[in-house]
Amino acid sequence: MRTARDFRETEEVTIESYREIIRNPQFLSGVLTARGGLSNAFRRGAPRGTVLFFSSTNEQLARALKQEYGAGIMPVGEKSNQITFGEVATARILELTRDRLLVPLRELSEDE
């Protein structure tokens, strides 16, 4: 398995470079453990749902995750992005990673 460091010295990292690795539960677990979190999604007239988010300066990784799982990407500051997954994508990703996360997830209460 290659990591981002493997690309730095030899070639440009592209969205295609991440296609296979972002399907790997161990890789996703590492990204989420290091930079991710859960939040309640608030929508008028709808029950609260849980969404997954993380921050990264790696734009190619963010775009690859958007293509694979469906996510919103919002710039934060000059170099970073916040990547937010909707409820369906969050459920899919948590199903893949739940047993591999270093910090176990818990259900969010209504007031969190």
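Every chain begins its residue count from 1, and numbering advances along the sequence as written. Predicted model: local features are reported for residues with pLDDT of at least 70 only, side-chain atom pairs are reported and counted for 80 or more only, and whole-chain, interface and lining totals are derived from all residues. In computing side-chain properties, one takes all heavy atoms of the structure into account and sets aside hydrogens as well as water.

Attention shifts here to the nonpolar core. Ranked by internal contacts, the top residues of the largest apolar core, which has 21 residues, are Y18, I22, F54, L65, Y69, F85 and I93. Put simply, DSSP H or I for four residues or longer makes a helix, DSSP E for two residues or longer makes a strand, and each gets a number counted from the N terminus. Elements represented by at least two residues in this core include exactly α2 (15-18), α3 (25-35), β2 (49-56), α4 (59-69), β4 (80-85) and α5 (87-97). With five residues, the top contributor of residues to this core is α4. In contact with F54, other than residues within four places in its own chain, are V31, L32, R35, G36, L65, N81, Q82, I83 and F85. Within this scheme, the nonpolar core is defined by two criteria: the residues are buried Ala, Val, Leu, Ile, Met, Phe, Trp, Tyr or Cys, and they are joined through side-chain atoms within 4.5 Å. Three exposure classes are used, based on accessible area relative to the maximum for each residue type with a 1.4 Å probe and protein chains only: buried under 20%, partly exposed in between, and exposed over 50%. Any two residues whose heavy atoms approach within 4.5 Å are treated as being in contact.

Quick look at the packing of aromatic side chains now. Given two aromatic rings, their pairing is described by the distance between the two centres and the angle made by the two planes. Here a pair means two rings of Phe, Tyr or Trp (six-membered ring of Trp) with centres within 6.5 Å. Their orientation is stacked below 30 degrees between planes, edge-to-face above 60, and tilted elsewhere. Under the defined criterion, the tally for this structure stands at two aromatic pairs. Here F54 and F85 contribute two aromatic rings whose centre-to-centre distance is 6.3 Å and whose plane-to-plane angle is 20°, an arrangement assigned as stacked. Of the two residues, F54 sits in strand β2 while F85 sits in strand β4, which places them 31 residues apart along the sequence. Residue classification places F54 among the buried residues on the basis of a relative accessible area of 1%. Residue F85 is classed as buried on the basis of its relative accessible area of 2%. Pairing Y69 with F85 gives two aromatic rings, centres 6.5 Å apart and planes at 85°, and the pair type is edge-to-face. Here the residue Y69 occupies a position in helix α4, and F85 occupies one in strand β4, the gap between them amounting to 16 residues. Just as Y69 is buried, F85 falls in that class too. Among the aromatic side chains, those forming a connected cluster through ring pairs are F54, Y69 and F85.

Fair warning: the whole summary comes from geometry, so function is off the table for now.
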